[in-house]
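Each chain, letter by letter, is given below.
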Amino acid sequence: MPSIRIVGGGLAGCEAAWQAASRGVPVTLYEMRPARPTEVHQTDRLAELVCSNSLRGDKLDNAVGLLKEEMRRLDSLVMRAATATRVPAGAALAVDRHAFAHEVTQAVTGHPLIAVVREELTGIPPSLGTADPVIIATGPLTSPALAASIAAFVGQDYLYFYDAISPIVLAGTIDASRVYRASRWGRSLGPQGEPAGPACGIDDGEGDYLNCPMDAGEYAAFYDALTHAEKATVHDLDRERFFEGCLPIEVLAHRGVDTLRFGPMKPVGLPDPRTGRPPYAVVQLRQDNLAADHYSLVGFQTQLKWGEQARVLRMIPGLERAEFVRFGMVHRNTYINGPTVLRETWQARQRDDLLFAGQISGVEGYVESAASGLLAGINAAALARGDAPRPAPRCTAIGALAYYVSHASAGNYQPSNITFGIIEPLPSPPRKAAARRTATAERALAALADWMR
Ligand SMILES: Cc1cc2nc3c(=O)[nH]c(=O)nc-3n(C[C@H](O)[C@H](O)[C@H](O)COP(=O)(O)OP(=O)(O)OC[C@H]3O[C@@H](n4cnc5c(N)ncnc54)[C@H](O)[C@@H]3O)c2cc1C
């Protein structure tokens, strides 16, 4: 009798187990807690929410609301448990975290076709053929031994261990009179935002970056504030063991007064048109969304407390009145390079019987993790029954997420939440944003109904 092995009893693993078992396929679900805890989980329950108790917006006019509705229609266990344990939170879906995890744990352990084994798997389970697929759903805090096995499978360069997030500011709050546009050495970015080779041509004088120039005095004051600012207390996650490539700016600053000037604040190749010379130091801002109303600070990942970030970063010329859309962060997050490793069905490109789901597959967020588990579970069940796995339509939120993970630019891959921006565009979209979102949601739900049939 074919069966499915699922590693990780979090949001993705439980949803996958539920979907597969609901299709009559036996599942063995391996969960290492409580024998081996993670740095963040606090209980032995399955599907424990590690931080916020919010599953975010619940209306069809936002993308995560649409994703949730699609999941409900696909009989999602996570959505069912969330509805049963909902607490008041306005337009968002928030839950009583203990009741939620209890609900999922009861449903999974009580299912006659699911066996839960409390054990850490230290390697990717070997292949027993496509009728006995494996789903890896061990999340952002995958145990080190299994992470090493995954790195060996996907290639060392395609498994990441940290998310380093730079702050984002609202474009309209940048003082345009203090900043100048230029790309280093006059090079533009490629069409996907990748660093361009010479083929992308000489800067047309506009440049792709906004540059905030500092003189020696401004740099000294900024350096002093940065090195004395208060750091956030993070979870006890390998606090000091960051990758060299994504060191927080305050960690770099503590290495020496000029380290930032030779790193993210390097001015060479960026002459200020007002002086014709490169400034003493520079902070670069890069457009962060298509609407061009968000700009991120390049290479400025930081763990300063949010209030401190605002205070210190507003010392940067041009950002004196900046409003922050998102503050910087660094946290442990184990995930694969989805576009290199995965197909749209959540199967590994190199191994038909191996699927990835949840945060480790390169999605971001509770709901997205559960959604990827849902499709991985459906597709693993198809394999077990000898059917071909099927991707969901790209015009649905759940299908768009799979398409993004398997087709985004691999060069600088970043896990993503679901957004309307990654859903297939409408052929003739209404002009007004609200009407566009409604039309996108209606089309998605109709396409999902067809797909389910
Ligand atoms: C600190 C932190 C805070 C976060 N906060 C939020 C938030 O507020 N909102 C949000 O939407 N998202 C948040 N996320 C991101 C993400 O959505 C959640 O981590 C989510 O739980 C991911 O679901 P998952 O099923 O992929 O992983 P998890 O829910 O973490 O489940 C993975 C399971 O696998 C188990 N496991 C790991 N290794 C092994 C092994 N070798 N053998 C057997 N079992 C194993 C773990 O014990 C765990 O139970 C946060 C992530 C982190 C790290």
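Cut-offs used in this document
- Residues numbered from 1 in each chain as written.
- Predicted model: local features only at pLDDT ≥ 70, side-chain atom pairs only at ≥ 80, totals over all residues.
- Near = placed C-beta within 6 Å.
- Helix = DSSP H or I, 4+ residues; strand = E, 2+ residues; numbered from the N terminus.
- Nonpolar A, V, L, I, M, F, W, Y, C, P; charged D, E, K, R; others polar.
- Pairing = 2+ DSSP bridges.
- Contact = placed C-beta atoms within 7 Å.
- Axes fitted to C-alpha atoms, helices over the stretch in contact; angles between N-to-C directions.
- pLDDT = per-residue confidence, 0-100.
- Buried ≥ 20, exposed ≤ 12 C-beta atoms within 10 Å, placed from the backbone.
- Parallel < 35°, antiparallel > 145°, perpendicular 65-115°, else oblique.
- Left-handed = near helix turned anticlockwise from the far one by under 90°.

Bringing the site of the ligand into the picture now. In the vicinity of the ligand there are 37 residues, among which Gly8, Gly10, Cys51, Gly139 and Gly358 approach most closely. At the level of elements, α1 (11–22), β2 (27–31), β15 (329–336) and α10 (366–384) are the ones that each hand at least two residues to the shell around the ligand. Looking at the shell around the ligand, its residues break down into 15 nonpolar, 18 polar and four charged.

Here we take up the sheet that holds strand β6 (residues 114–118). Pairing is mixed across the open sheet formed by six strands, whose spatial order is β6-β2-β1-β7-β17-β16. One side of each edge strand has no neighbouring strand; the edge strands of this open sheet are β6 and β16 (347–348). Where strand β7 (residues 134–136) meets strand β17 (residues 351–356), three bridges bridge the pair, whose relative direction is parallel. Bridging across to β17, Ile136 finds its partner in Phe356. Sheet strands touched by α1: β1 (4–7), β2, β6 and β7. Its angle to β2, the strand with the most contacts, is close to 170 degrees.

What follows deals with the confidence of the model for the chain. Here the chain shows a mean pLDDT of 90. Residues at 70 or above account for 92%. A low-confidence stretch, residues 235–241 (pLDDT under 50), is modelled with eight contacts involving residues beyond four sequence positions or located in other chains.

Attention now moves to unusual backbone geometry. For the bond running from Arg33 to Pro34, omega is 0 degrees, close enough to zero to count as cis. You can see Pro34 is positioned in the loop between β2 and β3 (54–57). Positive phi, close to 65 degrees, is recorded for Arg56, a residue that is not glycine. Inspection of the secondary structure puts Arg56 in strand β3. Among the residues examined, Arg56 registers 22 C-beta atoms within 10 Å and is labelled buried. At Trp346, a position not held by glycine, the phi torsion is positive, near 75 degrees. Looking at the element boundaries, Trp346 is found in the loop between α9 (338–341) and β16.

So, about the packing of helix α3 (residues 77–84) against helix α4 (residues 97–109). Closest axis-to-axis distance for the α3/α4 pair is 9 Å, and the angle between their directions is 135 degrees. The orientation of α3 with respect to α4, classified from their angle, is oblique. Of the two elements, α3 crosses α4, and the hand of that crossing is right-handed. Of α4, the residues touching α3 (which contributes Leu77, Val78, Ala81, Ala82 and Ala84) are Phe100, Glu103, Val104 and Ala107. Of the residues belonging to the contact of α3 with α4, the class tally is eight nonpolar, no polar and one charged.

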